[in-house]
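Below, each chain spelled out in residue letters.
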Amino acid sequence: MGDDFQSLPVLDLSRLETDKEALLAELRHALIHVGFFYIVNHGVTKDLMDATTSKAIDFFDQDLDAKLTVDKIYSPTFLGYSTQGNEITKNKKDNREQYDFANDLPDPWSPGKPEFLRLTGPNLWPADVPGFKDTIGSFWTAAHGLAERLVSLTSEALGLGPNGLDDYVVKGQQHRAKLIKYPAVDALSPVDGTQGVGAHRDTANLITLLYQANMGGLEVQNHAGEWINAPLKEGAFIVNIGTGLEYLVHETAIATTHRVTNPPAGKGPRYSIAYFHGTRLDTVLRPANVPDEVLAQKPTNVVTDTKGFQYAQLYAEDPGTYALVNRMSSHRDVAAKFYPAVAKAHGMDLNIGNSGY
Ligand SMILES: O=C(O)CCC(=O)C(=O)O
Ligand SMILES: [Fe+2]
């Protein structure tokens with residue numbers, strides 16, 4: 001066994017009322033040295049998460065034709081359904097189906113305005129899943145509220161005060177989320193392999209909230225390079241850091257590499273739900289003034305399978321275009337339909353697979 005983390009820390013948010021300073025110290029350690037942690041007593045009810053899981057299952061249980069009526073190909077905002085095996089990570093197919101959604105906002109773009117404005121827009125709601133929109137909307141609202149609390153605590157834990165990260169997010173902006181289904185290997189053909197999602201870091205967001213609905217399967221790479229299981233913890237969310245926060249706090253919160261392997265034969269599909277709290281897209285982003293005593297705690301020698309991230313040089317100067325080209329890279333079919341000129345300007349080949357990470 002290596003000398004880096006062998007399990008993810010568990011943070012109990014109810015301790016905010018009793019011993020906040022100790023909780024903030026644990027959070028600081030988790031941010032700087034792990035990049036992943038469970039949270040319990042977070043205030044999002046098990047009933048809401050059970051209801052959300054049940055709507056996810058209802059959605060994915062529909063016929064393929066019904067799911068294709070809300071395919072991402074109809075959304076310049078890259079919201080809606082992606083079929084099994086539609087995305088590639090590390091040159092291998094990801095064996096998962098996904099439904100992307102967000103807070104429902106109108107499309108603010110019109111010809112002549114910057115193209116990245118089209119990353120904001122309405123959901124593609126399925127017509128035949130009763131109660132889907134209400135339940136999924138309630139989940140989004142709860143996850144958004146929790147993410148705002150966690151960003152404020154993160155800011156405090158890194159010595160920036162509770163509002164130190166506020167200017168990186170616009171109130172009312174769009175934040176994306178998704179429902180994910182990973183088939184068990186006996187529902188796949190042998191050529192599909194067992195990659196649910198390949199090794200990656202979450203790109204450009206501040207934090208991710210992840211809910212493993214019915215089984216584990218997430219693996220996190222510790223900073224010695226070993227893969228650590230993150231088992232299902234009943235009712236808990238897993239929080240991880242995106243490359244956006246990592247950049248904005250001078251790598252004192254670390255965007256750790258992770259992956260998912262498809263469930264073993266006989267286990268049935270795995271469902272997970274992810275919420276990505278983003279940064280603003282409309283202005284240049286400069287890192288915050290993290291105090292020296294926090295900067296001094298930064299780890300050295302972090303081993304990862306995933307170096308850098310695509311188009312990273314664009315992120316600070318033009319986060320909107322950065323976010324757009326990243327989405328386009330993951331969904332080149334959508335890019336070919338709505339953004340051929342942007343693809344050309346950034347030298348993106350639209351005739352190869354959908355590779356984002
Ligand atoms: O499904 C999971 O547990 C992880 C998903 C994930 O890492 C992602 O979609 O970025
Ligand atoms: Fe991820």
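Residues numbered from 1 in each chain as written. Chains lettered and ligands numbered in written order. Predicted model: local features only at pLDDT ≥ 70, side-chain atom pairs only at ≥ 80, totals over all residues. Heavy atoms only, no water.

Focus: helix α1 (residues 20-33)
When the terminal C-alpha atoms of α1 are compared, their 20 Å separation across 14 residues agrees well with the 20 Å that a helix rising 1.5 Å per residue should span. Residues of α1 that are buried make contact with β1 (10-12), β2 (36-40), α4 (132-157), β12 (237-241) and α6 (292-295). Looking at the residues trailing α1, positive phi occurs at Gly 35, about 85°. (Helix = DSSP H or I, 4+ residues; strand = E, 2+ residues; numbered from the N terminus. Expected span 1.5 Å × (residues − 1). Contact = heavy atoms within 4.5 Å.)

Things to note about the sheet that holds strand β3 (residues 80-82)
Backbone hydrogen bonds hold the strands of a sheet together, and the pairing may be parallel or antiparallel. The eight strands are arranged β1-β2-β12-β9-β14-β7-β6-β3 in an open sheet whose pairing can be described as mixed. At either end of the open sheet lies a strand with only one pairing partner, and these are β1 and β3. Within this sheet the neighbouring strands show an average axis-to-axis angle of 25°, counted without direction. Pairing between β3 and strand β6 (residues 97-102): three bridges, direction antiparallel. From the neighbouring strand, Ser 82 faces β6, where its bridge partner is Gln 98. Contacts between α1 and the sheet are confined to β1, β2 and β12, with β1 contributing the most and set at about 150° to the helix. (Pairing = 2+ DSSP bridges. Axes fitted to C-alpha atoms, helices over the stretch in contact; angles between N-to-C directions.)

What about α4?
If you check α4, its first and last C-alpha atoms are 37 Å apart, about what 26 residues at 1.5 Å a residue would give, namely 38 Å. Gly 159 sits one or two positions beyond α4 and adopts a positive phi of about 80°.

A word on the UniProt feature "domain: Fe2OG dioxygenase" (unreviewed entry) in the chain
On the UniProt side, "domain: Fe2OG dioxygenase" (unreviewed entry) is annotated at positions that read residues 173-279 here. Along residues 173-279 one finds 6% helix and 41% strand; the C-alpha atoms at either end are 9 Å apart. (UniProt positions renumbered as here; feature names shortened; annotations may be inferred.)

Some thoughts on the packing of helix α2 (residues 46-60) against α4
Between α2 and α4, whose axes approach to 9 Å, the crossing angle comes to 135°. Comparing the axis directions of α2 and α4 gives the class oblique. Both α2 and α4 take part in a crossing whose hand is left-handed. Together, Leu 48, Met 49, Ala 51, Thr 52, Lys 55 and Phe 59 of α2 and Phe 132, Thr 135, Ile 136, Ser 138, Phe 139 and Ala 142 of α4 make up the contact between the two elements. Grouping the amino acids of the contact of α2 with α4 by side-chain chemistry returns eight nonpolar, three polar and one charged. (Parallel < 35°, antiparallel > 145°, perpendicular 65-115°, else oblique. Left-handed = near helix turned anticlockwise from the far one by under 90°. Nonpolar A, V, L, I, M, F, W, Y, C, P; charged D, E, K, R; others polar.)

Overview of the layout of surface pockets
Its volume calculated, the largest pocket comes out at about 860 Å³. Along the walls of the largest pocket sit 39 residues, with Leu 119, Arg 176, Leu 281, Ala 323 and Arg 327 positioned nearest its centre. Contributing elements (two or more residues each) for the lining of the largest pocket: β6, β7 (176-182) and α8 (319-330). It is α8 that contributes the most residues to the lining of the largest pocket, six residues altogether. In terms of residue class, the lining of the largest pocket is built from 15 nonpolar, 14 polar and ten charged. (1 Å grid on protein atoms, 1.4 Å probe; cavity = no way out; pocket = protein on both sides within 12 Å on 5 of 7 lines; lining within 4 Å. Points joined across faces, edges and corners; volume = space filled by probe spheres on them.)

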